[in-house]
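Residue strings, one per chain:
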Amino acid sequence: MTKTDARYDPPALVVRAQGGSREAMEDLIVLYQERVAGFVYSMIGSGEHLADLCQDTFVRMITGLPRLKSPESFEMWLFKIARNVCADHLRRERVRRILVPLRQEHEPVDPRAPSQGRVARFKKLLQDLPPRQRELIALTGERDWSYQELAGITGCTVSSVKSRLFRAREFLRRRMNE
Amino acid sequence: MNADPRLFQSLRQQAAVRLPPDFAQRVIREGERIRRQRSGRIRVIAVTGVLCAALAVAIHIVNRRTAERDNLEKWSSVAQQAQVLEASL
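Before going further, it helps to examine the overall build of chain B. When you go through chain B residue by residue, the secondary structure sums to two helices and zero strands. For 89 residues, the compact-globule formula gives about 12 Å, and the C-alpha radius of gyration of chain B, at 36 Å, lies well above that figure. A principal-axis box enclosing the C-alpha atoms of chain B has dimensions of 115 × 35 × 10 Å. Split into buried and exposed, the 89 residues of chain B put 19% on the buried side. About 7000 Å² of surface is accessible on chain B, with carbon and sulfur atoms providing 61% of the total. Each charge sign in chain B was given a centre, from 15 positive and 8 negative side chains, and these centres are 15 Å apart.

Here it is as structure tokens:
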């Protein structure tokens, strides 16, 4: 089944899921799981907690869906949940790093994995960005959101979005070309 | 600069393979478990609330009856004293 199938029309799926359809709920998760996973991965920079954080995001989606008033704003609402889940995780990780400073912080490298120089470098640079800038870059890589939508998801003003995005893009441009 | 979309596509692919194949079903099961847990918790809170209200009403009734009995006893003793006083005049 392709994503252009009528069954994969997100607002219609949201309405059916709000009506209690388990099938619609499952279709919504399947439809968005890769994009949400990509966003979470860009935010946390490792695969260690990825499945748990994605699960947390979608569980919050399921439990909060009856309260969503406008099915058209579902996507923005879902990424706002994902963003909050990541922010909570990053806060917990900061505290954990203070308490357990000697724990291994990086994923073990699989020697059989093909070298993905540019992607690996980009992933590393994303982690060097402050979280508020990183989330904007991760979101813009996800879809062509408007500044207003980005402000809505991240809970800041449009002017903050513009200046953070500018700084983040400048940083990435400089460092990717080094 | 807008980052190369292919970089995000690669990250998305790397992330997607880390999700279990039955991810959607797992999420729905977990959601149902949490919903059951929440409704169980709400039921416990409701039952506790009803019990507290019933206890408060019961205590109020017992206190009111005790106060009424005490008042009646006091009134009857006052009435007796008044009768004795009337008879002595």
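That covers the picture; the talk isn't over yet.
Moving on, we get to the interface of chain A and chain B. At the interface, 36 residues of chain A touch 28 residues of chain B. A per-residue breakdown of the area chain A buries against chain B is headed by R22(A), Y41(A) and F122(A), which together make up 18% of the total. Taken together, the links from chain A to chain B amount to two salt bridges. Across the pair E142(A) and R12(B) runs a salt bridge, and its minimum N-O distance is 3.4 Å. Counting the contacts that link chain A with chain B gives three residue pairs in polar contact (both at pLDDT 80 or more). Here the side of chain A that touches chain B gets twelve residues from one element, more than from any other, and that element is helix α2 (residues 22-44) of chain A. Its residues assigned to classes, the side of chain A that touches chain B shows 18 nonpolar, eight polar and ten charged.

Time to look at the packing of aromatic side chains. Two aromatic rings, taken as a pair, are described by how far apart their centres are and by the angle between their planes. All names here are of chain A. Summed over the entire model, instances satisfying the criterion amount to six aromatic pairs over all chains. Centroid distance Y32 to F74: 5.4 Å. Interplanar angle 65 degrees. Geometry classified as edge-to-face. Linking Y32 in helix α2 with F74 in helix α4 (residues 74-99), this pair joins segments that are 42 residues apart in sequence. This pair shows no difference in class: Y32 is buried, exactly as F74 is. With centroids separated by 6.0 Å and ring planes inclined at 45 degrees, the aromatic side chains of F74 and W77 adopt a geometry described as tilted. Taken together, the positions of F74 and W77, both in helix α4 and three residues apart, correspond to about one turn of that helix.

The next point concerns the confidence of the model for chain B. On average, residues of chain B score 92 in pLDDT, and 97% of them are at 70 or above. Across the interface, the model reports ipTM at 0.78; the global pTM reads 0.77.

With that out of the way, let us pick up the packing of helix α5 (residues 117-128) of chain A against helix α1 (residues 5-16) of chain B. Across the interface, α5(A) lies against α1(B) with an axial gap of 10 Å and an inter-helix angle of 85 degrees. Between α5(A) and α1(B), the interaxial angle falls into the category roughly perpendicular. Along its contact with α5(A), which presents R118(A), V119(A), F122(A), K123(A) and L126(A), the element α1(B) presents L7(B), F8(B), S10(B), L11(B) and Q14(B). Considering only residue class, the contact of α5(A) with α1(B) consists of six nonpolar, two polar and two charged.

Rules behind the numbers
- Residues numbered from 1 in each chain as written.
- Chains lettered and ligands numbered in written order.
- Predicted model: local features only at pLDDT ≥ 70, side-chain atom pairs only at ≥ 80, totals over all residues.
- Heavy atoms only, no water.
- Helix = DSSP H or I, 4+ residues; strand = E, 2+ residues; numbered from the N terminus.
- Rg over C-alpha atoms; globule rule 2.2 N^0.38 Å.
- Buried < 20%, exposed > 50% of the residue type's maximum accessible area, 1.4 Å probe, protein only.
- Areas by Shrake-Rupley, 256 points an atom, 1.4 Å probe, with all protein chains shown as cover.
- Lys, Arg positive; Asp, Glu negative; His and termini not counted.
- Charge placed at Lys NZ, Arg CZ, Asp CG, Glu CD.
- Contact = heavy atoms within 4.5 Å.
- Buried area = accessible area lost by both parts, 1.4 Å probe.
- Salt bridge = Lys/Arg side-chain N within 4 Å of Asp/Glu carboxyl O.
- Polar contact = N/O pair within 3.5 Å; in protein donor to acceptor, adjacent residues only side chain to side chain.
- Nonpolar A, V, L, I, M, F, W, Y, C, P; charged D, E, K, R; others polar.
- Phe/Tyr/Trp six-rings, centres within 6.5 Å; stacked < 30°, edge-to-face > 60°.
- pLDDT = per-residue confidence, 0-100.
- Axes fitted to C-alpha atoms, helices over the stretch in contact; angles between N-to-C directions.
- Parallel < 35°, antiparallel > 145°, perpendicular 65-115°, else oblique.

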